[in-house]
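Examination of the molecular architecture
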Amino acid sequence: MSFDRYVARPLPVFAMQWTGENAFLLHEALEEYKKKNKLADADIIGKFTVQDGALYIITMEGALSEPIRVGNYIVIGMRHELYPCDRAIPNAIWFQEKA
């Protein structure tokens, strides 16, 4: 018996890198995403919050106990869910489309 091989489908995600100082831009980008996709707040799975200068994401599973590290990404997945992503992942599996 052997493992079956699976290949990821090309599914778009939307991401922005956390600089430690761009919480306002993250908020604005999320609002623009919702408007462009005709989504209500309830359609977005998760949210982010800034406490004492640190960014936290509250996911479907609950609040993350660790703040998002500067340089990591905040991603909006295909089901409109927010999640953090290590900075090494995007360049390994995604390429950035030019608008």
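Residues numbered from 1 in each chain as written. Predicted model: local features only at pLDDT ≥ 70, side-chain atom pairs only at ≥ 80, totals over all residues. Heavy atoms only, no water.

1. Here we look at helix 1 (residues 23-36)
Note the cut-off: Going along the chain from the N terminus, every DSSP run of H or I of four or more residues is numbered as a helix, and every run of E of two or more is numbered as a strand. The span you would expect from a helix comes to 1.5 Å times its residue count less one. To sort residues, take the accessible area from a 1.4 Å probe on protein chains only and compare it with the maximum for the residue type: under 20% means buried, over 50% means exposed, and anything in between is partly exposed. The arc in question is the one spanned by the directions pointing from the helix axis to the C-beta atoms.
Taking 1.5 Å per residue, 14 residues should reach 20 Å; helix 1 reaches 20 Å between its end C-alpha atoms and fits that length. Taken as a whole, helix 1 has its buried residues at L26, L30, Y33 and K34. Down the axis of helix 1, the smallest arc covering the buried residues is 95°, so these residues share one side. Counted as exposed and oriented over 90 degrees from the buried face of helix 1: F24, L25, E32, K35 and K36. Looking at the residues trailing helix 1, positive phi occurs at K38, about 55°.

2. Structural notes on the confidence of the model for the chain
What counts, and what does not: pLDDT gives the predictor's per-residue confidence on a scale running from 0 to 100.
Confidence in the prediction of the chain, expressed as mean pLDDT, is 88, and 99% of residues score 70 or more. Ranking the elements of the chain by mean pLDDT puts strand 4 (residues 62-63) last with 76 and helix 1 first with 94.

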